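Here is how the chains run, residue by residue.
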Amino acid sequence: MNHSEPKVFDFHGGLHLEEHKSISTSRPIEVAPIPPALVLPLVQHIGNPAKPCVKVGDKVLKNQCIANISGHISAAIHASSSGTVIAIEPRSIPHPSNLDVTCIVIETDGRDIAIENKLIGNENFQSLTSNEIQQRIQGAGIVGLGGAGFPSHIKLNAEEHPVDTLILNAAECEPYISCDDMLMREHADKIINGLRIMRHALNAKDCLIGIEDNKIEAYAALQSAMRDSDNIQLVRVPTRYPAGGERQLIYSLTGKQPPSQGRPLDIGIVCHNVGTAAAIDDAITRGIPLTSRIVTITGSGIPQPRNMQVRLGTPIQFLLNHCHSLEENIGTILIGGPMMGFKLEDSRSPITKTCNCVLAIHQRDVIKPATPLPCIRCGECTDVCPVNLLPQQLYWHARAQEFDAIQDYSLFDCIECGCCDVVCPSRIPLVQYFRFAKTTIWQQERDKEKSDKARIRHELRLKRLEREKREKRERHNRKKAALKKKPDQDDDPKKAAILAAMKRVQEKKSASDTNPANTDNLSAEQQAKIDEADARRKQQNKDTTSS
Amino acid sequence: MIINTPQVSSSASVSRLMLHVGYALVPGTLAYVWLFGVSVLIQILLACLTAVVTEAIVLVLRKRPVIKTLTDGSALLTAVLLALAIPSIAPWWVIVLGTFFAILFGKQIYGGIGYNPFNPAMLGYVMLLISFPLEMTRWPAAISLLEQVPTFQTSIDVIFNSGLGIDTISGATPLDSIKTQLRAGIDIPTTLISPQFGNLFGSLAGVGWEMVSLGFLLGGLYLLLTRRIAWQIPVAMLGAIAVLSSLFYLIDSNQYASPLLHLFGGATMLGAFFIATDPVSAATTPRGRIYYGIGIGVICYVIRTWGNYPEGLAFAVLLMNMAAPTIDHYTRPRVFGQGNG
Ligand code: SF4
Ligand code: SF4
């Protein structure tokens, strides 16, 4: 084992936050009961939604694939218990956008019968090629369990760019969340083996695990799960939020900064989360797809906070009830931690692959947004920003809606960690302004793309009309000339010209009559607006006539 | 959009910040009162009253929340700083006018706290200095130098009764006397031992004034160590003054005052920790603040040494206020992942 720990680089800014982690780490991971119904969204990852391969009424078994990948960037979905498909319909899911997504709903039969090994387990992963490993991982529906849920097989592909360093993110820096910590304490062997598999697939030279120095038990567990021959470096990084941010961790461990707007892969680094490693071990070694994950159920609204192994698709309200949390006490529920988590709008939403924490806050403890004062340019936000941005300038331009200037101040490098928010003496909800600016800019870009396309279409159409008109005129003229030639050969050319001009005007007019401007090339949105207006008009007419 | 405040308790607030700056002013102010008499307290009181009334009226006229804005404490801080910056024996209308001007034209006219491009207190100060040069340059003498300890009544008279008895308690300041003497062709070492001025200079930089400066230094260090002010500004400003004054002192100690006199005489300490650090009008990038501090130090020294006024702090601050946006523009920190790490 490597005892000389390598140098840890210090990232800029960050915060020491109260941890609140020990409240959920005192009891072992508990397996959550089977809920009466499982709700499995087709989108639990970044990429294309999975395609259902079951119908309403089908009987399904645990671990059975119920939705297939569609395209390369996609992940399969498996039944997390046995039962009957009772619906495939839009339901609310935990996502910041708060949109409904198509879900496969399974009424469970309580027997939890698993399908005969659909995936092939293989104790000896060394015999598998990188491609085979990627395929199995994609087939097992594994996505990054630490954050956004990017399909994991893509980050195990070293063809496009060679990978020198594989980093396992075991930092888990956000307060309250302890699912990775508990997983490491109880299943360090799975994590380490998953890491071996990933390293094999990537053919990575170096392999590092970054863990915050407050996780003493987890550190020891990982250490004893490693063999000397593994040649993995287990590195403790100082406990300081956001030490577990991917870019911050990479910098802490290697001193390298992934390029702004780029990926770690661009500098030969790939970073995975410990939960993902364990899931990969399950899939490759034992042939078990991703159907459950560890979730931290915590917060002042939970009498006994804990970590649970939860079947994907379990409604969050079911878990809260199981933990004896009283609905009337809960002020707000966050998915994720207190810094970067988002508010859960509908507690019937299911646990998905990326839900690491359900933070239920008692109503007396909810921190309400304060009325902000103007920015006093104190620079506290600059001092804590881990990306070294100038949040006060970003804020200034976001307020003024100066979207060029704000990008000039590197808005899109902001990782929305919330550090600036917490220290701002004027209590300005900075991150909110930044999110707003980002979404607005995205929207504008989409609109521009759309309008560009529409413009091109419009121009093409004009050209076509022009051409048709010209051809028609030519045909007409030819005919006329052929007719005229016989009766009076020497007609006044001026008169003919005037006639032709009048004819052209006439034609033009009739053309524009048949094609009223601006009403084709309608976007769906515009059409909807027009329909709405029509409906309103009709309604009005009705109103006026009936009164 | 979902309203999402980080669910992490935070004690940061503007009023708390201002409160601590207020605490930090206590040692220097106490020394001031102890060594120069209570008149400065009367000035502070007058300034605060004026500030509150002015701001309240403006807020009512602008239909803004009065209580919430007043309790952010920034108007009071401006008032206190202005009161500490002007001569404590100036007549009452000086501080009233100055504070009124500072609040109205230094702050509210731009939209209140956060929007003022200039340090309001220094804007008020410069207005007073230009309009009332006589009242603004008559300073109190340290009590220990006076024949007779001034009573409370003397202070009241001096401030409210058109300067009655002001001659019994005023005196030249060290920086002032050096400047006058140099103009008369008398070099500094001679001034230091002259019967007229020799007793002014104390052990560091002037009887009384040096202790007041030490008091402000103490409070300033408190703010610095508790990270309530940006360290770059005071460090850079004091550093610039120390380096420049040492340099010229080494070149010719007959013509140039010693670094000690520059650091502990005049308004250097008050300026470095409490005035130049006003965040709203200062540079805001970490590197920019260093240039900003250096700029104030340099200009301050230049005005003191070669300019018409014995004290150059206010002008230095205002000039650098003007430069702050440009400084910020050219000193942006390198963003993570941009350029070579
Ligand atoms: S912390 Fe808040 S008040 Fe201070 S500079 Fe940043 S945004 Fe402005
Ligand atoms: S939220 Fe963005 S701007 Fe604020 S500290 Fe984090 S990275 Fe910096």
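Just so you know, these numbers come straight off a predicted model, no measurement behind them.

### Thoughts on the overall build of chain A
In terms of regular secondary structure, chain A is built from 13 helices and 17 strands. Looking at the 547 residues of chain A, the share that counts as buried comes to 49%. The contacts of chain A with a sequence gap of at least 6 include a subset with a gap of at least 24, amounting to 74%. Of the roughly 26,500 Å² of accessible surface on chain A, 52% is carried by carbon and sulfur atoms.

### Concerning the layout of surface pockets
To find leftover empty space, one rolls a probe the size of a water molecule over the atoms. In this structure, the second largest pocket spans a volume of roughly 1,100 Å³. E380 of chain A together with L17, R227, R228 and I229 of chain B are, among the 48 residues lining the second largest pocket, the residues nearest its centre. The residue makeup of the lining of the second largest pocket, split by class, is 27 nonpolar, 13 polar and eight charged.

### Topic: the packing of helix α1 (residues 14-36) of chain B against helix α4 (residues 74-85) of chain B
Residue and element names in this part refer to chain B. One way to put it is that α1 packs onto α4 with a least axis distance of 11 Å and a crossing angle of 20 degrees. If you check the angle between α1 and α4, you find them roughly parallel. Crossing of α1 against α4: the hand is left-handed. Counted together, M18, V21, L25, T29 and Y32 of α1 and S74, L77, V80, L81 and L84 of α4 form the full contact between these two elements.

### A word on the packing of aromatic side chains
Applying the stated criterion across every chain yields a total of 18 aromatic pairs over all chains. Aromatic side chains Y32 of chain B and W209 of chain B sit 5.8 Å apart centroid to centroid with 75 degrees between the ring planes, which places their arrangement in the edge-to-face category. Taken as a pair, Y32 of chain B in helix α1 and W209 of chain B in helix α11 (residues 209-225) lie far apart in primary sequence, 177 residues in all. Taking the centre distance of 5.1 Å and the plane angle of 35 degrees together, the rings of F101 of chain B and F105 of chain B count as tilted. Here F105 of chain B and F101 of chain B lie together in helix α5 (residues 92-106), a separation of four residues that amounts to about one turn. Judged by relative accessible area, F101 of chain B falls into the partly exposed class, the value being 24%. A residue is classified by how much of its surface remains accessible, and F105 of chain B, at 35% relative accessible area, is partly exposed. Members of the aromatic cluster, connected to one another through ring pairs, are Y32, F36, W139 and W209 of chain B. Sitting over the face of the ring of Y219 of chain A, R236 of chain A holds its NZ or CZ atom 4.1 Å from the ring centroid. A cation sits over an aromatic face here: R332 of chain B above Y409 of chain A, 3.9 Å from the ring centre.

### Here's the deal with the side chain of T285 of chain B
Inspection of the secondary structure assignment puts T285 of chain B in the loop between α14 (268-275) and α15 (286-306). The contacts of T285 of chain B, once residues within four sequence positions are left out, are L390 of chain A together with D328, T331, R332 and P333 of chain B.

### Some words on the confidence of the model for chain B
Residue and element names in this part refer to chain B. For chain B, mean pLDDT is 88; residues scoring 70 or higher make up 94% of the total. Highest mean pLDDT in chain B belongs to helix α12 (residues 232-251) (96); lowest belongs to helix α10 (residues 188-193) (78). Overall fold confidence (pTM) sits at 0.82, and the ipTM for the predicted complex is 0.87.

### Some points on the domain arrangement of chain B
All names here are of chain B. Domain annotation of chain B identifies domain 1 (14-171) and domain 2 (179-328). One C-alpha centre belongs to domain 1, the other to domain 2; they are set 20 Å apart. In this assembly, 34 residues from domain 1 lie in contact with 28 residues from domain 2. For the pair domain 1 and domain 2, the summed buried area comes to about 2,600 Å², and 81% of that belongs to carbon and sulfur atoms. Across the contact surface, domain 1 and domain 2 share four residue pairs in polar contact (both at pLDDT 80 or more). Of all the elements in the fold, those that place two or more residues in the side of domain 1 that touches domain 2 are α1, α4 and α6 (120-131). No other element matches α1, which puts 12 residues into the side of domain 1 that touches domain 2. In terms of residue class, the side of domain 1 that touches domain 2 is made up of 27 nonpolar, seven polar and no charged.

### Some thoughts on the sheet that holds strand β8 (residues 100-108) of chain A
Residue and element names in this part refer to chain A. With antiparallel pairing, four strands are arranged side by side in an open sheet as β2-β8-β7-β4. A single partner strand is all that each edge strand has here, and the edge strands are β2 (37-41) and β4 (59-60). Two strands pair when backbone bridges link them, and β2 and β8 are joined in this way by five bridges, in the antiparallel orientation. Following the sheet pairing, P41 is matched in β8 by C103.

### Here's the deal with the site of ligand 1
Looking at ligand 1, the residues that line it are C375, I376, R377, C378, G379, E380, C381, Q392, C424, P425, S426 and L430 of chain A. Here the residues of the shell around ligand 1 sort into seven nonpolar, three polar and two charged.

### Concerning a positive patch on the surface
Residues and elements named next belong to chain A. Where like charges cluster on the molecular surface, the positive patch consists of K472, R475, R478 and K479. As for its placement among the helices and strands, K472 is situated in helix α11 (residues 430-484). By relative accessible area, K472 is classed as partly exposed at 46%.

### Topic: helix α4 (residues 246-254) of chain A
Residues and elements named next belong to chain A. With eight of nine residues buried, α4 is to be regarded as a mostly interior element. Burial in α4 covers these residues: R247, Q248, L249, I250, Y251, S252, L253 and T254. Looking at the buried side of α4, the elements it contacts are β9 (165-170), β10 (206-212), β11 (233-237) and β12 (269-273).

### So, α4 of chain B
All names here are of chain B. Between the first and last C-alpha of α4 there are 16 Å, a value that for 12 residues agrees with the 16 Å anticipated at 1.5 Å per step. Burial analysis of α4 places 11 of its 12 residues in the buried class, the great majority of the element. Three or more residues of α4 are buried, namely S74, A75, L77, T78, A79, V80, L81, L82, A83, L84 and A85. Along its buried surface, α4 packs onto α1, α2 (39-62), α5, α6, α11 and α14.

### A look at the domain arrangement of chain A
Residues and elements named next belong to chain A. By the assigned domains, chain A splits into domain 1 (22-361) and domain 2 (372-473). Domain 1 and domain 2 are separated by 31 Å when their C-alpha centres are compared. Counting residues at the interface gives seven residues for domain 1, matched by 10 residues for domain 2. The contact between domain 1 and domain 2 buries some 710 Å² in all, and 55% of this surface belongs to carbon and sulfur atoms. If you look at where domain 1 meets domain 2, you find zero salt bridges.

### Section: the pairing of β8 of chain A
Pairing of strand β7 (residues 83-92) of chain A with β8 of chain A, which is carried by nine bridges, proceeds in the antiparallel orientation. The partner of T84 of chain A across the bridge, within β8 of chain A, is E107 of chain A.

Basis of the calculations
In every chain, residue numbers begin from 1 and rise along the written sequence. Going through the entries in the order they are written, you letter the chains from A and number the ligands from 1. Local features in this predicted model are restricted to residues whose pLDDT is 70 or higher, and side-chain atom pairs enter the listing and the counts only when it is 80 or higher, whereas totals over whole chains, interfaces and linings include all residues. Derived side-chain values reflect all non-hydrogen atoms in the structure, with water molecules and hydrogen atoms excluded from consideration. Per the convention used, a helix needs a DSSP run of H or I reaching at least four residues, while a strand needs a run of E reaching at least two, with both numbered from the N terminus. Under the scheme applied here, a residue whose accessible area is under 20% of the maximum for its type counts as buried, over 50% as exposed, and between as partly exposed, the area being computed with a 1.4 Å probe on protein chains only. Contact criterion: two residues are considered in contact whenever any of their non-hydrogen atoms come within 4.5 Å of each other. We get accessible surface area from the Shrake-Rupley algorithm with a probe of 1.4 Å; when it comes to residues, only the shown protein chains can shield them. The definitions used throughout rest on a 1 Å grid laid over the protein atoms alone, on which a cavity is an enclosed set of points accommodating a 1.4 Å probe that cannot get out and a pocket is an open set flanked by protein within 12 Å on both sides along at least five of seven lines; lining residues are those having an atom within 4 Å of a point. Grid points are joined across faces, edges and corners, and a volume is the space filled by probe spheres set on the points. Charged residues are taken to be Asp, Glu, Lys and Arg, nonpolar residues to be Ala, Val, Leu, Ile, Met, Phe, Trp, Tyr, Cys and Pro, and polar residues to be all remaining types, Gly included. Fitted lines through C-alpha atoms give the axes, limited to the stretch in contact for helices. The angle between two N-to-C directions lies from 0 to 180 degrees. Roughly parallel here means an angle under 35 degrees, roughly antiparallel means over 145, roughly perpendicular means 65 to 115, and every remaining angle is called oblique. Two helices crossing with the near one rotated counterclockwise from the far one by less than a right angle form a left-handed crossing, whereas a clockwise rotation gives a right-handed crossing. Two aromatic rings, drawn from Phe, Tyr or Trp (for Trp, its six-membered ring), form a pair once their centres lie within 6.5 Å of each other, and the interplanar angle then sorts them: stacked below 30 degrees, edge-to-face above 60, tilted otherwise. Each ring is checked for a lysine NZ or an arginine CZ that lies within 6 Å of its centre and within 35 degrees of its normal; such an atom marks a charge sitting over the ring. Confidence scores labelled pLDDT are given residue by residue by the predictor and lie between 0 and 100. Reported domain spans reflect what an automatic or database domain assignment gives. Here's the idea: put two parts together, see how much 1.4 Å probe accessible area each one loses, and the total over both is what we call buried area. For this analysis, a polar contact is any N or O atom pair within 3.5 Å, provided that within protein one partner can donate a hydrogen and the other can accept it, and provided that sequence-adjacent residues contribute only side-chain to side-chain pairs. Paired strands, as defined in this entry, are two strands with at least two bridges between them according to DSSP. Each residue is tested against the molecule or strand, and it is near if at least one of its non-hydrogen atoms lies within 4 Å. In this analysis, a patch consists of residues with relative accessible area above 30% that form no salt bridge, clustered at 9 Å for like charges and at 5 Å for the nonpolar side chains Val, Leu, Ile, Met, Phe, Trp and Tyr. Salt-bridge detection follows one rule: a side-chain nitrogen of Lys or Arg within 4 Å of a carboxyl oxygen of Asp or Glu. Charge convention: Lys and Arg are scored as positive, Asp and Glu as negative, and His as well as the terminal groups of each chain are ignored. Just so you know, the charge point we use is NZ for Lys, CZ for Arg, CG for Asp and CD for Glu. Expected helix span is given by 1.5 Å per residue-to-residue step, counting one fewer step than there are residues.

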